[in-house]
Each structure stands twice: as C-alpha cells, then as structure tokens.
Amino acid sequence: MTAIRHVDLHSPAHRAGVHPGETLTHVNGKPILDVLDYKFYTYDPRLVLTLSRPDGSSRTVRVRKAEGEDLGLDFETYLMDKARSCANRCMFCFVDQLPPGMRKTLYFKDDDARLSFLMGNYLTLTNLSPREVQRIIDLRISPINVSVHTTNPALRVQMLGNPRAGEALDIMKRFSQAGITMNCQIVSCPGVNDGPELERTMRDLTAMHPAVHSVSVVPVGVTKFREKLSPYTKEQAVQVVGQVEKFGKKCQEKLGSTLFWCSDEFYLLAGRPIPEEAYFEEFTQLDNGVGMLRLLECEFSRALDLYEPEELRAGPFSIATGVSAAPLLGKLVERSGLSGRVYPIVNHFFGETITVAGLITGQDLIAQLRDKPLGERLLISANMLRAGEQVFLDDVTVADVERELGVSVTPVPQDGYDLLDAMLGLPIAGPAARIKDDTAEYYPYN
C-alpha cells in the first residue's frame, strides 16, 4: 500500500478529516491492498476508514457520502502498489525486440490484472495467485482482457516461456463459470500457433462464449532486432484471414456474433480489402487494430457530410503515417478535395517490416521529410507519441521535429472527425481524450 498524497478539498474524505501522509489500511473492516480493493469497498454510502499514521499509530474515521461517490483521495501511485512486471519470456514479445539505449520505461513489461480492468491492458494470467483469481471472481471484476495466443497448454508454455502458462485455460474456465467477461487476443506466429493450432484455440474459446466476448487475431510484429522469428508473407496472411473469416461466419450463424476478427494489418498483408463497418459489430477490439481503418474511413465520410462544399477550404498540409495506412489516408485526402500530401514513413529504426503508424520515431520523420514540401502544417497520428506527452519512442520531441522541419506538427487522435478538423486547420474538439492514460507505454498494432 502507498500513502495518501492528496485529499481533494470539500471531498467526503476531506470532510471526515483524512490527511495526506496517512495510509488507508481498511474500509469497513476489509483490508485495502490496492486500487481494486479501494474502488470496490468505498462504493457504499457509509464507511468506516482505518488509517495508519506516519508514526505507526492508527485511527478510524466515519464517512457519509452518496453511493458511488469518490472519496477524493489521491495516492502516491495509481495502483496504490507497484505495477507487476511480466514473468514471461514470450517468443514474440515486442519489448524484447527493442534496441538498447532507449528510455527505461519502454523496457518494463507489465502483466497486471488491475491494469487490465482499469485501463484495458492485456494480461497472460501467469502472474495471478489463487487469491487474486478468487478476488476477480468475488469482486466480479469484469471485463478483463486476456492474451491467449493458444489454448494448447504445452504450446503456450513454449510460446510464453513460462511453466505456468499452461494453467490459463483452467483459469479462464473458472472466470467463464463466474460470468466474468473476457476480451481475448491471439498474436499469431507463422507455423507456430496458426493453422490447426489456431483452429483448436478458436474452438476452445467458442466453448466459453458468451463469457469470451471477442477475440482478435493479430500478426506478430517482427523488428530487425529479432532473428529467430519471421513476419507473415502475403500467402500465409491470406490463409489466416480466410481461416478466421470462415470460423467467424459459423459463430455468427450459431451464436449471433462473429466472435473472431483478424486485425486490419492481417488484411493489408494479405492484400485483401478490409470488411465493411457492420462486420465489426461493436468494434470491441479496436485497440488491437480490428476495424480501425474502416471506422476511420466511415467517421471521415460522416464528417464530410457535415460541411457544404464551399466550406472545405484550407491551406496546404501534409500527413505522415505508417506505410500500411498511407493508401487509405491518401484516398481520404483526395475525397476531401483539400490540398494535402500523404507521406508513408519507412521504419528504419525498428526495421521495414514494421509498417504501423504508432511505431514511427521522430528521427525517421525528420530524415524522410527534411526536403519534402510540407505545406503549412504536418499531421501525425497521436499514437506515435508517448501517451499524455509530446515525445516519440526515440525520445525526439514534437518541438524537435518542428524545429528541424520548419513546420507546425499536429498530433491527431484515431478519429475521422478529428482528422478532418485537423486537415481544415481547425482546433480538434472531438474525442482527443481517447489517447490512452500515461500509466503505461502503448504499442499499437495499427
């Protein structure tokens, strides 16, 4: 547990006389070990808080508040505890494919169930103790996001490099029986967990529907720093997309949900058009790049419909993006009739097999755009930056890029309305807050 850092003025805790520097140890007699305990046990309108003072003594205070109202406490760490690092050695781990010399936070691999519930992070279940599994069930912590990869216990041990990895299916079955909703991810590696193994995994996960609510299948990302793993070829990607679509069609007919979707990147690798908007149902797997480009295109078209033709006027601009998204963005600029250029940035930092926008570095932007006509402003995906900050993965800042290229840089969230506003030179007034919280680094697939 961590100490209370701040008490909001006029909050229930402030009115009850709680002070910064104290530690909240119990609520209504229930021990508070971390943020999940805190959020669950402080929901009620009448509370008895047990507080430990810096000198080691303890006291209790009574609190009355509205049901669900926040106590108004801020702690020294968001989790009220240390984030748990990953105990796996996954064959496809992106962190293990980073070059040396980057900022320390990029090398931290989290595998924390609390971050799964609170922030949408994916967990492998290998770090959960029996007490923590039972707490998820008892507190009905749902939904949670699970990195499955395979339901073959022996293969999962091999892929994750952890002898406990094979226990995941039993834990997921317990969650399913308890009604815990799970959104799942499969990082597909050529010749490892695709083909018959993928078929087995999809069958096993289907048996846990509706607790298993959605499953994304994404291709492994391979940087130039990983020698023993190969990226998907076009022919291999065609096979995976066809296999997942065929299985998903059966699920739709039997369960009323497609349940399994390939990421946009798989479609691009296969040279296949991305399905229409309705195919992606609720877009539950958007953060894994499932339907992201289709949704962007649909939102952009709807945004265009809000303007009269004579209103679509703006000075010249440019867009820098990953190789995979560049063709679509080029189509959107053409559809708008505005004077814009789209520059696909080849990823020399991580390797040319990495084609997504979110992994473009500042140095690659500068090197490839230095002598290009950029117009009045340069638009980039906000996913290129560390969440909540103005810094790229290589520690180059937005200010550095602006200085080197002599143009203003506008980070744009993954939203078609915001994209059109940015192209028109208007303030981004839409869902800019969709950029992820800065508690963890973000490695997007698209």
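Note that this is a predicted model, so its numbers are computed, not measured.

A. Local environment of the packing of aromatic side chains. Summed over the entire model, instances satisfying the criterion amount to seven aromatic pairs. Ring geometry for Tyr232 versus Phe266: centroids 5.0 Å apart, planes at 70°, classification edge-to-face. Highlighted residues: Tyr232 in the loop between strand S10 (212-219) and helix H8 (234-255) and Phe266 in helix H9 (residues 264-270), separated in sequence by 34 residues. Neither Tyr232 nor Phe266 differs from the other in exposure class; each is buried. An angle of 80° between the planes, with centres 5.2 Å apart, marks the rings of Tyr279 and Phe280 as edge-to-face. Phe280 gets classed as buried once you look at its relative accessible area, which sits at 3%. Pairwise contacts between aromatic rings join Tyr279, Phe280 and Phe283 into one cluster.

B. View of the sheet that holds strand S12 (residues 317-322). The sheet built from four strands is open, its strands ordered S13-S12-S14-S15 with parallel pairing. A strand with exactly one partner marks an edge of an open sheet, and here the two such strands are strand S13 (340-345) and strand S15 (408-412). Direction aside, the axes of adjacent strands within the sheet are offset by 25° on average.

C. Expanded view of the pattern of salt bridges. Taken as a whole and judged by the stated rule, the model has 14 salt bridges. Between Arg294 and Glu276 there is a salt bridge, and its shortest N-O distance comes to 3.7 Å. Of this pair, Arg294 sits in helix H10 (residues 292-305) while Glu276 sits in the loop between H9 and H10, and the two are 18 residues apart along the sequence. By relative accessible area, which is 12% here, Arg294 ends up buried. Of the charged contacts in the structure, one is a salt bridge between Glu404 and Arg370, with a shortest N-O distance of 3.1 Å. On the criterion of sequence distance, the pair formed by Glu404 in helix H13 (residues 398-405) and Arg370 in the loop between helix H12 (362-369) and strand S14 (377-381) is long-range, its members being 34 residues apart. It is possible to trace a salt-bridge network through shared partners that takes in Glu276, Arg294, Glu297 and Arg335.

D. Spatial organisation of the sheet that holds strand S2 (residues 23-27). Pairing within the open sheet is antiparallel, and its four strands lie in the order S3-S2-S4-S5. Two strands bound the open sheet, and with one partner strand each, they are strand S3 (30-31) and strand S5 (58-64). Sheet analysis places S2 next to S3, joined by two bridges and oriented antiparallel. Note that in S3 the partner of His26 across the bridge is Pro31.

E. Expanded view of the nonpolar core. Membership of the largest hydrophobic core comes to 70 residues, with the highest contact counts inside it found for Met172 and Phe175. In this structure, Met172 is in contact with Leu125, Val146, Val148, Met182, Cys184, Leu205, Met208 and Val212, ignoring residues within four places of it in sequence. One finds Ile345, Ile380, Leu385 and Val396 within the second-largest nonpolar core, a separate group that totals 20 residues.

F. Layout of the environment of Ala320. The topology assignment puts Ala320 in strand S12. Take Ala320: its relative accessible area is 1%, and that puts it in the buried class. Measuring from C-alpha to C-alpha, the distance between Ala320 and Arg341 comes to 8.6 Å, with 21 residues separating the pair along the chain. If near-sequence neighbours (up to four positions away) are discounted, Ala320 is found in contact with Tyr343, Ile345, Leu365, Leu369, Leu378, Leu379, Ile380, Ser381 and Met384.

G. Representation of the pairing of S14 in the model. Counting buried positions along S14 yields five of five residues, so the element is predominantly enclosed. In S14, alternate side chains face the same way, and those of Arg377, Leu379 and Ser381 on one face and Leu378 and Ile380 on the other are all buried. With three bridges joining them, S12 and S14 adopt parallel strand pairing. Following the sheet pairing, Ser318 is matched in S14 by Leu378. With five bridges connecting them, S14 and S15 associate as parallel partners. Residue pairing in the sheet places Leu379 in a bridge with Thr410 of S15. Handedness of the crossover joining S14 and S15 through H13: right-handed.

H. A look at the environment of Thr77. Relative to the helices and strands, Thr77 is located in the loop between strand S6 (73-75) and helix H3 (113-119). Taking the relative accessible area as the measure of exposure, Thr77 reaches 31% and is therefore partly exposed. Put simply, Thr77 and Ala3 are 74 residues apart on the chain and 8.6 Å apart in space, counted from C-alpha to C-alpha.

Criteria and thresholds
- Residues numbered from 1 in each chain as written.
- Predicted model: local features only at pLDDT ≥ 70, side-chain atom pairs only at ≥ 80, totals over all residues.
- Heavy atoms only, no water.
- Phe/Tyr/Trp six-rings, centres within 6.5 Å; stacked < 30°, edge-to-face > 60°.
- Helix = DSSP H or I, 4+ residues; strand = E, 2+ residues; numbered from the N terminus.
- Buried < 20%, exposed > 50% of the residue type's maximum accessible area, 1.4 Å probe, protein only.
- Pairing = 2+ DSSP bridges.
- Axes fitted to C-alpha atoms, helices over the stretch in contact; angles between N-to-C directions.
- Salt bridge = Lys/Arg side-chain N within 4 Å of Asp/Glu carboxyl O.
- Core = buried A, V, L, I, M, F, W, Y, C linked by side-chain atoms within 4.5 Å.
- Contact = heavy atoms within 4.5 Å.
- Right-handed = clockwise from strand over helix to strand, strands pointing away.

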